[in-house]
Amino acid sequence: MNKKASTYGDSLTAGRRLGRHLPRIASGDGPEEEPEKKVVEEPPPVPPVPSVPPPAEERRIHWEDRRRRARQWQTPSPEKTRPPDLVVPGVGDDVAGVPGRLRLSRDKPPTSPTTPLPSTRLTRGLWADVQRHHIQAYEYLCHVGEAQQWIEGCLGEELPYGVVEMEEGMRNGVALAKLVRVFQGEAAVRRIYEAPKLDFRHSDNINYFFNFVRHVGLPESFIFELTDLYEKKNFPKVIYCIHALSHLLARRGMADRIGNLVGRLEFTDDQLQKTHKGLKDSGVPLPNFGNVGRELAKEINEEPEEEVETEEERRDRLLLEHEDSIVATQALARAYLVRKAQATQRVRIRLAERYIPKLQAHARAALVRRRLEHERQEKVDILPWIIKLQAQSRGLLLRSEWRTQLRRIKVTAPSVIKLQAHLRGVLQRRRYALLKGAMRNAKMSVVKLQSLARAKIAQRSHKEVIKTFSRQVIARGVVGAQAHARGALVRRRLRNQQQSLQRVESSISPLQAQCRGVLLRRKVRTQLAKLEDVTDVVVRIQAAVRTYLARKRLLALIRGLRKATPALVGLQARARANLARQRHAAMSKALSEVKVIKSVGGFQALARAAIARNRHREQVKQLEFAEPDVVGFQAAARGALARWEYRGWRDYLHRSHPHATILQALLRGAMQRKKFKVKMDYYRANLDKIVQIQSLFRAKETREQYRQLTLGTNVTVGTIKNFVHLLDDSEADFQEEIKIERLRQEVVKRIRENQALENDVNDLDTKIALVVQNAKSSEELLKLRRRHGGDNAAIRAARASVLAAHGDPFAGSSLDQNAKRKLERYQQLFYLLQTKGEYFTRLFSQLVADEEWEKNRRLVERVVLTLFAYGHDRREDYLLLKLFQTAIHQQISESNSIEDVLHAHPAYTNIVVHYVRPKQGSFLKDTLQAPVRTVLEEEDLDLDVDPAVVYRQVHPKAPQDLKLSYHEALQDPPTRAEYIRHLQRLQWSTEKFVQAIIDSTARMPYGMRYLARESLIALKTKFPEASNEEYAACLARLVYYRFINPAIITPEVFDIVPNTIEVTERRNLAQIARVLTQITTGRAFDEETDPALTPINPFVETSIEQFSAWLFQLADVPDAETQYHAHEFLDATFQPKAILITPNEVYSTHALLSKYLNVLAPAQNDPLRVILTELDGVPHLDNDELHDARDTAVELQLTNRFAHVKDPGADEKALWVQAKRAVLAILRVQPAQDLVESLMQPVTEQHEEIWLGILEDMHHEQMRHQRRMPSTTGVDSAYRLEDIQSMTFKEVKAHAIYFLLELEKRGRISRLDGYQGILNAIAGDVRSKNRRRVQRQHEKESMEESLRYLNERKKNFEDQINSYNDYVETAMANLQRGKTGKKGFVIPFTRQWNHIRELQKSGRIPQFGSFRYSAQRFYDKGILLSIDQYSPRQFDKMDIVLSSNKVGIFTVELYNHALGITNRMASADVKMEDLLQSKYENRAALTLFNGLAKFNLDLFLYQINKK
């Protein structure tokens, strides 16, 4: 099974997530034991699912098959037979409505793909039952796995048992108790009993679960009994309860709905059989798991849940809807690929064109030599030609004989056919005559037999008719009888037809035989014709076979002789040795014999000696004479002998060359091994030194490569290969991205909550003041209390129904086409406002000049901050800063002087403050915490420099009403000394603050510095002749006065100090802020306005210079495009985030835009005017209920309607991206010294294997991190291999060459420097990846600081609202006691007495009373002003009834009894908060009954308060 991972994202309300993993089948299954086993995404046919090859092996097979087909592809011929249709299990055989389940078929069992054995035919009756039971057990186990997956997702941990063991593992109730603790906390489940052995105390764990499901409102029909789980009496009911609980919690927003695993799990046959046996033995029926959602909705009286369209269904639907466009796209893509392949081929030919002529020359030479050799061989060896001629001659003779035979057969064919026909006719007539004679002889017997048969049939029919009439059968109608009659006629007709066929069966059989013979003969003729056509081919094949056999015999003979050569050589050597030994033995024997010959005498010996000496002397003389000739001859002879010996050795060496080579190789190997052993011994002896040298060398190489990478010029291929891993997102990067996204969403949510809480606090202040003034409660107070109390799913459903009833586009599930169109227009409208800041800038200018600016200020600020997500995302932060840039430039451009800029309070100021406040928390804390604490921790510190105040401190007994001037107070020496000491300490403290602020440049948020930068640019553009001091004063007004000064005066608000500071400490900080403010103005203290601070003017002037330099340094930052890597096509690469906004805010914004439309969009084709025109006016507010329903935030997706701008450099950017991706893939497979060498290397099978391994590793990485989101940076997408993973490495390399040549055509790179430009571009991406990590860390710290600050503010607001709510509850309790306890005496037989009696009779007495008055009385008191279409003379015939049955709501009814019949003319409900609000707005009259009656508001309210 797969490793467990999270299925549900972070968008869940309650955060309960399920795993994407599939649960374990049994406890022994582990994710690490079989890593190659993957989960099949598509549902299996029927369990057990047949084994599927691992994806890696399947991918390898696919690649090998693709390469083989690419090599062997040729145009298919029409003669080739069509391959059999592929049969895919599970496709086309599903049961309708049940995906993943196969339709049972007796002829095709799902567990056996082959034909069943003959023995299985005897058990066909039980086959369907067995399969059905297996499917039932499989689906039950899948539902158990779904419950286990849901529980593990809620718990956040894996259960220690598998699916098949879940029944036994859950008996102790530990998992259920942990589940309750997850949803209700430690207070509900204080202790979980987890003993290893099962005992009665485990039932407490189950009881926790019972209490929880009843608490959340699960109906009793879904709750199981204790024994069902503890004693395993009905475990399916337990699983059914868990399924129902998941649906109920999903409706309440506490968890997500349970998943569907049917068809995704695999079980063995043994597990299925055991499960089926257990279910059968228990005797309990299986619940209907598929209908649990609808049953639950019926029980709790709610609407059933809508079936969510699955991803597969949505994908199939979209594919079917866009089938034509997909086919057209595929055609265009194929055409593009063909063109690109041709272009690539042309490019490769152009690159290798200098090698082609040489290659062609070699090829032509080889072909010519081969042809000449072939012709020469044909001329020399004529045997094959003769054999071929003989074969053709034999074939010709044989074909002529065969044609002659066929002609003879064709000539005699008609006669033979006629003869056969005559013979068959004679035989048939003879057989018919015999049959006719036999029938004629047996006519009487046949007639009797037929009569007996007819009688028997008639008797039987009569009995059947009697029996039929004896039964009480009620005919359903004439149609049924006609159907039976037609059936009988059809059966009779079929029976007669069958009998006719049986009668002529004997005639049809010979005819069939004749037809078979004709077909067989035709097939033989066709076969013979084919053989005649391929005679030449057969002859050639025979000749080739004979040649092959002859060569094989010759090679076998040669190999035999070669094998016998060493044996013959050894035999000859042994023979020569024996002969030599025999000769040597004979010579030795002859020499060993001693023979003594007796001579004649010594005289003969002397004579012989003299003769011998004379002969020797003569011979010496002759030799001396012939010495020159002899020496030459000997030299020639020696030369001949030497040459003969040399040739002998040379031939011997040539013959022994293989043996000598082997011997030399052995000797060289021995010598090399000896040298290597000596070298290895030396290495081992100096191993530590070698390691140090290697580490130093590698460090040097790495430093050099890193230096090249950081410089970004002349980056080598090795450097890219070593640092390319930095482009991959690690798990830590992914986790950081997720954490930042969660923090960003949490910060936006907290800001909205704080704003809503702040608005509620302000509204509550006003409402409570009105309640105190009128001594009455307000429904608004109850509404606000419910808003922060138990808002449940029923209230949300009611709110959605109200919006849907009025056709509001924000109803959520509205099917109204008009509402849907309006919602799309609002999405486009707010997207346009977000991306085009000039609209808000113009709106600010118009609103400031409007009298209702204060009324609309909070709305505009809230909408702007909501629209830009408070700048907590990269895209929104960039767009918000661009809005501020536009507003700053417009505000300064409209100013007449710098003084106007200094004293202006533009409309966007509060938005800037709210934007910067969360970002500057850590900056202010790090910057000001040290100097502020120094001031607060210093004892007896007093920085008040007013001489009069100092005088009173020095002389505490002086009169309080003593008034001294500045100079009079300084006349006192003690006062002057104390005053000087205060000034010194004030200067020292201020100097610390100045230094701390100046040193904080690097820590200041980019947003603050960017605002300063744009302000400086706008000032220099508008007022180029102004001085630097004036520029600095304007910058200080923005940076210091708006952002830093509030933190100095109120440090506890910015979390600089933990507690509220005292009055003296705050006064000291105010004095320091006063001096700092004077420094930021760029002027020293004036003698007339601030004489007490003029002594420190030298310090102020010095600080002004430092502060001015700091402000200009502060404004020296890159623009927003550089900081955020943004461009004019940012929206094409970053998807806009959805915003949370209330419909009331949307409609209010719509109203403001419509009001100032002529100023905001003067052109008729302006996008803003187009959208507002299509929206067709602002929706009006029908009633308070609709207003309350529209006061809840909804998620509004932003869409771009006018995205028709095309990037002029888009094609070139796409080329860069494709080129970098392909080059990176090549460097991973074929690294070389430079890129050109890598591109020119040929692609081999080994390279394809390496590429396949890279893709497999990438696939495993994706499977291991399935929940990983794509990176948000544009750089990372250029290096993902998903787009080229379907290509072979050869195709990838061709694409790389193509893209590089295209870039070279555009002049971006050059082959002269080895395409160094593409390598430098990749190096730049590596550096930007590191910058992204640093930026992500800064964002994380900033958002965590902002979140802490927002949480504290939220707690303060909630405490304040709780105190208001306590007051509301007290006021409402007093009001109810006053209403229910007020029962005055009613005079009998009066109008009021009769009214109360009528109410008592009808049983409709209101809870808080009902009073009936005459309209004339109200008119006389001035309460009633007028009634439409009636004169005051008719008021005595009309009554007005005031009643109240609900706190804060009063019913006003108007009755007319002019003709003696009481008729109710109108009725209306009036809310107290509406009356109070109208009085608060100083309205004089109140109109009721749709304008029918008009009342005096103050008197009417007084009348209600009195009663």
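Structural data are supplied above this passage.
Summary of the structure given here. (Residues numbered from 1 in each chain as written. Predicted model: local features only at pLDDT ≥ 70, side-chain atom pairs only at ≥ 80, totals over all residues. Heavy atoms only, no water.)

Comments concerning the overall build of the protein
Okay, step 1: A count of helical and extended segments in the protein gives 53 helices and 11 strands.
Okay, step 2: The buried share of the protein, reckoned over its 1507 residues, is 35%.
Okay, step 3: Long-range pairs, those at least 24 residues apart, make up 71% of the contacts in the protein with a sequence separation of at least 6.
Okay, step 4: As presented, the protein carries roughly 94,100 Å² of accessible surface, and 55% of it is formed by carbon and sulfur atoms. (Helix = DSSP H or I, 4+ residues; strand = E, 2+ residues; numbered from the N terminus. Buried < 20%, exposed > 50% of the residue type's maximum accessible area, 1.4 Å probe, protein only. Contact = heavy atoms within 4.5 Å. Areas by Shrake-Rupley, 256 points an atom, 1.4 Å probe, with all protein chains shown as cover.)

Section: the environment of Glu701
Okay, step 1: For Glu701, the location among the structural elements is in helix H21 (residues 687-711).
Okay, step 2: Using a relative accessible area of 35% as the deciding quantity, one classes Glu701 as partly exposed.
Okay, step 3: Along the backbone, Glu701 and Thr719 are 18 residues apart, and their C-alpha atoms lie at a distance of 9.3 Å.

Quick word on the nonpolar core
Okay, step 1: Core analysis: the biggest nonpolar cluster contains 134 residues, and Leu829, Phe830, Leu928, Trp1110 and Leu1168 have the highest contact counts within it.
Okay, step 2: With 13 residues, helix H37 (residues 1028-1049) is the largest single contributor of residues to this core.
Okay, step 3: Excluding residues within four positions of it along the chain, Leu1168 makes contact with Leu829, Leu832, Leu833, Tyr839, Leu1153, Leu1157, Leu1160 and Ala1161.
Okay, step 4: Val144, Phe212, Leu229 and Leu261 belong to the second-largest nonpolar core, a separate cluster that totals 59 residues. (Core = buried A, V, L, I, M, F, W, Y, C linked by side-chain atoms within 4.5 Å.)

Quick notes on the environment of Asn1158
Okay, step 1: Within the secondary structure layout, Asn1158 lies in helix H42 (residues 1157-1160).
Okay, step 2: Separated by 11 residues in the primary sequence, Asn1158 and Arg1169 place their C-alpha atoms 8.7 Å from one another.
Okay, step 3: A polar side-chain atom of Asn1158 sits 3.2 Å from a polar atom in the side chain of Arg1169. (Polar contact = N/O pair within 3.5 Å; in protein donor to acceptor, adjacent residues only side chain to side chain.)

Some thoughts on the packing of helix H35 (residues 973-998) against helix H38 (residues 1063-1081)
Okay, step 1: Interaxial distance between H35 and H38 falls to 10 Å at its minimum, and their mutual angle equals 60°. With respect to H38, the axis of H35 lies oblique. Seen from above, H35 lies across H38 with right-handed handedness. For the pair H35 and H38, the contacting residues are Leu986, Ser989, Thr990, Phe993, Val994 and Ile997 in the first and Leu1069, Gln1071, Ile1072, Val1075, Leu1076 and Ile1079 in the second. (Axes fitted to C-alpha atoms, helices over the stretch in contact; angles between N-to-C directions. Parallel < 35°, antiparallel > 145°, perpendicular 65-115°, else oblique. Left-handed = near helix turned anticlockwise from the far one by under 90°.)

Describing a negative patch on the surface
Okay, step 1: A contiguous patch of negative charge on the surface is contributed by Glu899, Asp900, Glu1029, Glu1030, Glu1101 and Glu1105.
Okay, step 2: Secondary structure elements with two or more residues in the negative patch: helix H30 (898-903), H37 and helix H39 (1097-1114).
Okay, step 3: In this structure Glu1029 comes out as partly exposed when scored by relative accessible area, which is 47%. (Patch = residues over 30% accessible without salt bridge, like charges linked within 9 Å, V, L, I, M, F, W, Y side chains within 5 Å. Salt bridge = Lys/Arg side-chain N within 4 Å of Asp/Glu carboxyl O. Lys, Arg positive; Asp, Glu negative; His and termini not counted. Charge placed at Lys NZ, Arg CZ, Asp CG, Glu CD.)

Regarding the pattern of salt bridges
Okay, step 1: One pass over the full model with this rule turns up 22 salt bridges.
Okay, step 2: A salt bridge links Glu824 to Arg825; its shortest N-O distance comes to 3.9 Å.
Okay, step 3: A relative accessible area of 14% means that Arg825 is categorised as buried.
Okay, step 4: When the shortest N-O distance is used, the salt bridge between Glu1174 and Arg825 registers 2.5 Å. Of this pair, Glu1174 sits in helix H43 (residues 1167-1175) while Arg825 sits in helix H26 (residues 817-835), and the two are 349 residues apart along the sequence.
Okay, step 5: The exposure class of Glu1174 is partly exposed, given its relative accessible area of 24%.

Considerations on the packing of aromatic side chains
Okay, step 1: With the rule as written, the count across this model stands at 19 aromatic pairs.
Okay, step 2: Between Phe1495 and Phe1500 the ring centres are 5.3 Å apart and the planes differ by 45°, which places this aromatic pair in the tilted class. The exposure classification of Phe1495 matches that of Phe1500, with both residues buried.
Okay, step 3: Chaining the aromatic ring pairs together yields one cluster made of Phe209, Phe210 and Phe224.
Okay, step 4: A cation sits over an aromatic face here: Arg1037 above Tyr1041, 4.4 Å from the ring centre.
Okay, step 5: The positively charged end of Arg1412 is found above the aromatic ring belonging to Tyr1455, 5.0 Å away from the centroid. (Phe/Tyr/Trp six-rings, centres within 6.5 Å; stacked < 30°, edge-to-face > 60°. Lys NZ or Arg CZ within 6 Å of the ring centre and 35° of its normal.)

Overview of empty space enclosed by the protein
Okay, step 1: All told, the structure shown has 10 cavities of 30 Å³ or more when counted by the stated rule.
Okay, step 2: Reported here for the largest cavity is a volume of approximately 240 Å³.
Okay, step 3: Contributing to the lining of the largest cavity are 17 residues, with Gln891, Val901, Pro906, Tyr908 and Leu1038 lying nearest its centre.
Okay, step 4: When residues of the lining of the largest cavity are traced back to their parent elements, those giving at least two are helix H29 (874-893), helix H31 (909-919), helix H36 (1006-1022) and H37.
Okay, step 5: Of the residues belonging to the lining of the largest cavity, the class tally is 12 nonpolar, three polar and two charged. (1 Å grid on protein atoms, 1.4 Å probe; cavity = no way out; pocket = protein on both sides within 12 Å on 5 of 7 lines; lining within 4 Å. Points joined across faces, edges and corners; volume = space filled by probe spheres on them. Nonpolar A, V, L, I, M, F, W, Y, C, P; charged D, E, K, R; others polar.)

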